[in-house]
Amino acid sequence: MEAADRKRLLQEMVFARRFEERTAEAYHHRDIGGFLHLYPGQEACAFGVLEQARMGHDYVITGYRDHVHALKCGADPKEVMAELYGKETGSSRGRGGSMHIFDVKNHFMGGYALVGEPYPLAAGLAKGIKMKGTDQIAICFLGDGANNQGTFHETLNMAQLWELPVLFVCENNLYAIGTSLERSTPAHDQYLRAQSYKMEADQVDGQDIDTVMEAAEKAVDFVRSGKGPYFLELMTYRLRGHSMSDSGRGYRSEDEIKQWMERDPIYLFRDRLVEEGVLTADEFEQMDKDAQQHVDDEVIPFAENSPEPDVGDLHKYVLSDDDSCAMGQIAGGGK
Ligand SMILES: Cc1ncc(C[n+]2csc(CCOP(=O)(O)OP(=O)(O)O)c2C)c(N)n1
């Protein structure tokens, strides 16, 4: 990868980190309500995998920890922030909030609240791609906890049987809310569970973006070349709590948190670029300031100054306006 691209990638990760931190502040000020699940610590997963895919061409789907995946797919940060603020200019017109970011034009297919829900949807996207015969792929990001849902098993079974073009990325951050992996399943290595369905699978360090990119390149090539699905397990850690109602500390030791903080993916990547002579410490500081400024001067004011949805539109977008069945009519025009 060219030096300029490596710098651009770091800049994107720093921006995502500052964006997320600012949402936490806005939540504390009650500008953002409802649920908010943040991503700091796991950035090398989304950025490393998606850097190897084709944004706007391939389809991407994930769970509720979705802001950063949407940004990397090309969603406008202003629209994502406005969605968190519940504003009409948000990516789901303020109706979805944090767990339901959606951006069809960039092929970011959500944003889902139910654990494991995106598994069958990803297989459906991949089935559609296969029927159309294009060279697109579907990429599904989920946590380790999702693999204890029935949808994991049903989807992997059919995806492998039908050789669907889908890449499953398991962001294994060792916890499902406050329950550690050891307390929820005897199968600690998630990639082995995928292999039991005869699926091609791998497990790598999810904190080192170069390692993630290398593994993702192999996985994406495999799926795109028509060989069937692939399961990539990335070992990672969330540095914050599960959501805003959890400090992340009651169930994890200070030692454990400290060890993972030392492997913060952004600072690991920064240090490597400095070592490679691609970046100076001053350039990094400037990069960080620019990211902060972008969030403070453009993203937040847009969200703050956007209008609330009209209360009269409460029922809009719940059902399709031009679907006669959905609107209470039966075929043939009767009521
Ligand atoms: C079907 C369903 N059951 C339970 C929940 C409550 N819940 C929300 S997040 C979560 C943990 C999921 O952990 P994991 O899949 O590892 O993802 P992470 O939050 O670590 O990214 C649970 C049980 C839910 N949202 N949906």
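Structure shown above.
The shown structure was predicted, so the numbers you read here are calculated from the model rather than taken from an experiment. Counting from 1, residues in each chain are numbered in the order their sequence is written. The predicted nature of this model means local features are confined to residues of pLDDT at least 70 and side-chain atom pairs, given and counted, to a pLDDT of 80 or more, with totals for whole chains, interfaces and linings taken over all residues. Note that the side-chain values use all heavy atoms of the structure and ignore hydrogens as well as water.

Some thoughts on the packing of aromatic side chains
Alright, step 1. Each pair of aromatic rings taken from Phe, Tyr and Trp, with Trp reduced to its six-membered ring, is defined by centres within 6.5 Å and is described as stacked if the planes are under 30 degrees apart, edge-to-face if over 60, and tilted in the remaining cases. Applying the stated criterion to the full structure yields eight aromatic pairs.
Alright, step 2. Arranged with centres 6.2 Å apart and planes meeting at 50°, the rings of Phe 15 and Phe 19 form a pair that is tilted. You can see Phe 15 and its partner Phe 19 sitting in helix 1 (residues 3-28), four residues apart, about one turn around the helix.
Alright, step 3. On the basis of an interplanar angle of 70° and a centroid distance of 6.1 Å, the ring pair of Tyr 267 and Phe 284 is categorised as edge-to-face. Highlighted residues: Tyr 267 in helix 11 (residues 265-275) and Phe 284 in helix 12 (residues 281-305), separated in sequence by 17 residues.
Alright, step 4. Accessible area is worked out with a 1.4 Å probe on protein chains only. A residue is then buried under 20% of its type maximum, exposed over 50%, and partly exposed in between. A residue is classified by how much of its surface remains accessible, and Tyr 267, at 27% relative accessible area, is partly exposed.
Alright, step 5. Since its relative accessible area comes to 5%, Phe 284 is described here as buried. Runs of E in the DSSP output that reach at least two residues are strands. Runs of H or I that reach at least four are helices, and both are numbered from the N terminus.

Topic: unusual backbone geometry
Alright, step 1. The omega torsion of the bond from Gly 110 to Gly 111 falls at 25°, within 30 degrees of zero and hence cis.
Alright, step 2. Within the element layout of this structure, Gly 111 appears in the loop between helix 4 (77-84) and helix 5 (118-132).
Alright, step 3. For His 107, which is not glycine, the phi dihedral falls at a positive 60°.
Alright, step 4. Within the secondary structure, His 107 sits in the loop between helix 4 and helix 5.
Alright, step 5. In this structure His 107 comes out as buried when scored by relative accessible area, which is 15%.
Alright, step 6. Even without glycine at this site, Glu 163 takes up a positive phi of about 50°.
Alright, step 7. Looking at where Glu 163 falls in the secondary structure, it is placed in the loop between helix 6 (150-161) and strand 3 (166-172).

Side note on the pattern of salt bridges
Alright, step 1. Every case where a carboxyl oxygen of Asp or Glu lies within 4 Å of a side-chain nitrogen of Lys or Arg is listed as a salt bridge. Taken as a whole, this structure holds 25 salt bridges when the rule is applied.
Alright, step 2. The salt bridge involving Glu 51 is made with Arg 8; its shortest N-O contact spans 2.8 Å. Residue Glu 51 is located in the loop between helix 2 (43-50) and strand 1 (59-62), and its partner Arg 8 is located in helix 1; the two are separated by 43 residues in the primary sequence.
Alright, step 3. Among the residues examined, Glu 51 registers a relative accessible area of 17% and is labelled buried.
Alright, step 4. Relative accessible area serves as the criterion here: at 30%, Arg 8 is assigned to the partly exposed category.
Alright, step 5. Here Asp 264 and Arg 17 are joined by a salt bridge, their closest N and O atoms 3.0 Å apart. One end of the pair, Asp 264, is in the loop between helix 10 (254-261) and helix 11; the other, Arg 17, is in helix 1, and 247 residues separate them in sequence. Here the two residues Asp 264 and Arg 17 agree in accessibility, since each one is buried.

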